[in-house]
Amino acid sequence: MDIDTGSDMPEYFEMLKWQKENLRKGEAKKGKKIEFMAPRAATVAKFMFHHMARQQSPARDRNQISTSFLPIAYPPSTTSLAELKKKMIKDLQMEVHHKDAFLVVRSITPPTRMTGILTVIEDENEHVVTLQLYNQEKETERPVAEILGEGTVVILKNPYLKTMSDGNPGLRVDHLSDVILLANHDERVPSKWRISIPKSIETALFWKNLGNQFFGAAQYRAAIERYTEAFKHSPTKEEERIIRLNRSVAFLKTQQFEDALSDVESAPAGPNLVEKALDRKTQALYGLARYRECSHALKDMCQKFPENATARKRLTHSIERIKEQEHGLYDFARMQREALATHPPHLDFATYVGPVEVRPASSKGRGLFTTKAVKAGDLLLCEKAFAHAFVDTDLMHQQDLTVLIDPERDLITVGGQAELIRLVAQKLYQNPSMATTVTELHHGSYKPVDVSEVDGIPVVDTFLISRIISLNCFGCPLTTYESEVANAGRGSPSMDVEKIHHSCGLWPMASYINHSCDSNANRAFIGDFMIVRATRDLEGGTELKWRYYQPGLDNKKDTRSHWGFQCNCIICADDQATPPQMLAERKRLKTALKEQGSSMRPGKIESMLAKMKLTYRKPPSEIPRLDMCNFQINVAIKYLKNNQPAKAVERGLEALGSLGFVMEGGAMPESGIPSGTILVKQWGQDCESYKYWRVLSNAYGMPGAFGLSSQAENFAKISYKVCIGEDVSFDRH
Ligand SMILES: C[S@@+](CC[C@H](N)C(=O)[O-])C[C@H]1O[C@@H](n2cnc3c(N)ncnc32)[C@H](O)[C@@H]1O
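Note that residues are indexed from 1 along each chain, following the sequence as it is written. The predicted nature of this model means local features are confined to residues of pLDDT at least 70 and side-chain atom pairs, given and counted, to a pLDDT of 80 or more, with totals for whole chains, interfaces and linings taken over all residues. Think of the side-chain values as coming from all heavy atoms in the structure, minus any hydrogens and water.

- Per an unreviewed UniProt entry, the chain goes by SET domain-containing protein and derives from Bionectria ochroleuca.

Below, the structure is given as structure tokens:
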């Protein structure tokens, strides 16, 4: 939704064509054995040449956008290693996923980061090929040398040998769970590569100290492995307590909060390190968004250790999170400030799920429904993204901007989607208990595997994640306020504000909202938070619905080809029932007004709008006229500038009417003073109606007219809250 599909860039379609051609060529080699294995020295020399060239110019050209090609989807391995056959590179067939096999290989060059991690590997026969690992941690999360440094031994399940871009065979791995990185002492490492540790020095303490060394070097995953090894060597109770507490900090560093909590809770009780244990427990509970439990533990900690200032500060934070999580009470001004100041804008606030729940929605699958009556502007959801890929459009950090090409589904997206797939895959791999939050989201006809864990390792299906992201992710600005108010200027109604975004995220709860052009909810963004508000008064039990794309874009067919349904809302049904010549006339007038409207006199626009009205068969109170409202409000602005407030009010009210608003009062006689009350009997579409209300408010406030201005301003404020997500910034603009 609101994603850049690269549709205006023919070169992306060329890339798609090129990739399809590559797949076709690859298909021709399917099942064949490797004809020619490039000599080891030549393969290494060629790799090192490119590696060093990249090292010397690590900063990419600012205008260079990276490209990520998805292969044809294949499932991750769900078979235990014990049941798989060990193979050598020469045994593999080209372009085949060897589901019954695994390889044990060792990297023989330093690794390089491209869209994946690249290195040259050898097997025990000393045959070499390049290896590409996708969806691994980013450099800032874990240095590449720590993941696949020279000499690292790796088990590759489900090995897949394909023709690389240089024409040579290479291994490609997309699923995180198909790669098992081995520590060099691991028994599964072939003896010729293994570093043996003398049994005499192998004690729990030895491994703990090794773990501490890795922790000190900020190699947290390596530290976790060493602490885990320590448990196999009969630690004493006190040693176990220390190792668990040490490992829990390492888990906090890798954001594996459940594991961190489990270590603290299963550590044997003891008189020492009580403060440390409480510290880790509260951090884990905070990371898991279990704020109430966190605040109880912090109160306990503050009582036991009153001098601990950090605990007191954390208690304040967790109490703020409870207010947000349980009551939807946010300091939106702070949220806005932090979104601008934090890079990436991943904010420390809690998710609030208001009066909404997921229920069956007949043929649409599931949907999100209100659980009680709500008013226009009410907060329904303020959700932190499960994962959020930020692309800085100001600085254009091109590393974050990727063209993702999916030849299997003829899809191109530009922005953070490739990164979002990686982020979600990593999060599920590190926190398997969160899997269903994502895997239960709509994934169309994709058939996922039904195994979630093998040999104690979570099974993560990259292609399921990619399908879920494609159907459920939202493009988003840094903040809606920045993109639609601060940059657009006050009171300039326009539906042309850019709503196609490069940053994107996955908001699982909001994903349950189905599409309708006749929406009753609106989404706005502040950093990685999505704020969902009702755009109208709604009864309890009402299904929420919103547009998957912005109005005015001629992409209704996209719902069919992309999401697999055709919208049959009242607006679409009316379009279907309207004679084609009326629709063609409406389109003709719309195009003319769009192209020339700004230079036309109000009278001319009015006469074209009068003709456009004739292309509608029902009143706007029944079927909103989203093709007209923008032109009507622009005429109102022209009248306002010409000092004709009565006419501005008339057109302004008409524009709100086209959005579906039904009102009483507010009309302004040509001569005379308007008075009374504006009553909104039915709220209309959210399409930035606050700008319309502001035009009215200004018109009512012109010399010679007064009174209704503040009422219009109040309605503008509600509508602003719906569109921007909050109203604390309203008075600034
Ligand atoms: C983001 S999901 C929405 C939640 C989904 N209904 C579910 O059960 O998880 C998008 C999918 O919902 C369904 N959907 C959304 N809006 C629809 C509509 N107006 N009519 C029919 N199906 C719709 C389509 O299957 C679409 O691919």
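1. Observations concerning the nonpolar core
Then step 1. Nonpolar cores were defined as sets of buried Ala, Val, Leu, Ile, Met, Phe, Trp, Tyr and Cys residues, with membership established by side-chain atoms within 4.5 Å. The classification of residues rests on relative accessible area computed with a 1.4 Å probe and restricted to protein chains. Under 20% of the type maximum is buried, over 50% is exposed, and intermediate values are partly exposed. One finds Val-424, Trp-546, Trp-693 and Tyr-700 to be the most contacted residues of the largest nonpolar core, which totals 109 residues.
Then step 2. Note on conventions: DSSP H or I runs of at least 4 residues are helices, E runs of at least 2 residues are strands, and numbering of each starts at the N terminus. If you tally residues by element for this core, the top one is helix H20 (residues 629-641), at eight residues.
Then step 3. When residues of this core are assigned to domains, at least three fall in each of domain 1 (333-557) and domain 2 (636-733).
Then step 4. Ala-250, Leu-252, Leu-285 and Leu-315 belong to the second largest nonpolar core, which has 29 residues in total. Bear in mind that the domain bounds are from an automatic or database domain assignment.

2. Describing empty space enclosed by the protein
Then step 1. Note on definitions: the grid is 1 Å and covers protein atoms alone; a cavity is a set of points where a 1.4 Å probe fits but cannot get out; a pocket is an open set with protein on both sides within 12 Å along at least five of seven lines; lining residues have an atom within 4 Å of a point. Grid points are joined across faces, edges and corners, and a volume is the space filled by probe spheres set on the points. All chains considered together, the criterion is met by six cavities of 30 Å³ or more.
Then step 2. By volume, the second largest cavity amounts to about 70 Å³.
Then step 3. Lining the second largest cavity are Leu-70, Leu-404, Asp-406, Arg-409, Leu-411, Ile-412, Thr-413, Gln-417, Ser-466 and Ser-470.
Then step 4. Of all elements in the fold, only strand S16 (402-406), strand S17 (411-415) and helix H14 (462-472) reach the threshold of two or more residues within the lining of the second largest cavity.
Then step 5. The biggest single contributor to the lining of the second largest cavity is S17, with three residues.
Then step 6. We call Asp, Glu, Lys and Arg charged. Ala, Val, Leu, Ile, Met, Phe, Trp, Tyr, Cys and Pro are nonpolar, and the rest, Gly among them, are polar. Per-class residue counts for the lining of the second largest cavity are four nonpolar, four polar and two charged.

3. Quick word on the site of the ligand
Then step 1. If even one non-hydrogen atom of a residue comes within 4 Å of a molecule or strand, that residue is called near it. Near the ligand you find 15 residues, and of these Lys-364, Arg-366, Asn-514, His-515 and Trp-563 are the closest.
Then step 2. A 3.5 Å cut-off defines polar contacts: any pair of N or O atoms within that distance qualifies, except that in protein one atom must be a possible hydrogen donor and the other a possible acceptor, and neighbouring residues in sequence count only when both atoms are side-chain atoms. Within the side chain of His-442, one N or O atom sits 3.1 Å away from an oxygen atom of the ligand.
Then step 3. Here a nitrogen atom of the ligand sits 2.7 Å away from a polar atom, N or O, in the side chain of Asn-514.
Then step 4. Each accessible area is a Shrake-Rupley estimate made with a 1.4 Å probe; only the visible protein chains count as cover when residues are assessed. For the ligand, the protein covers 91% of the area, taking 560 Å² as the surface of the free molecule.
Then step 5. Every element with two or more residues in the shell around the ligand is listed here: H14 and strand S22 (514-515).

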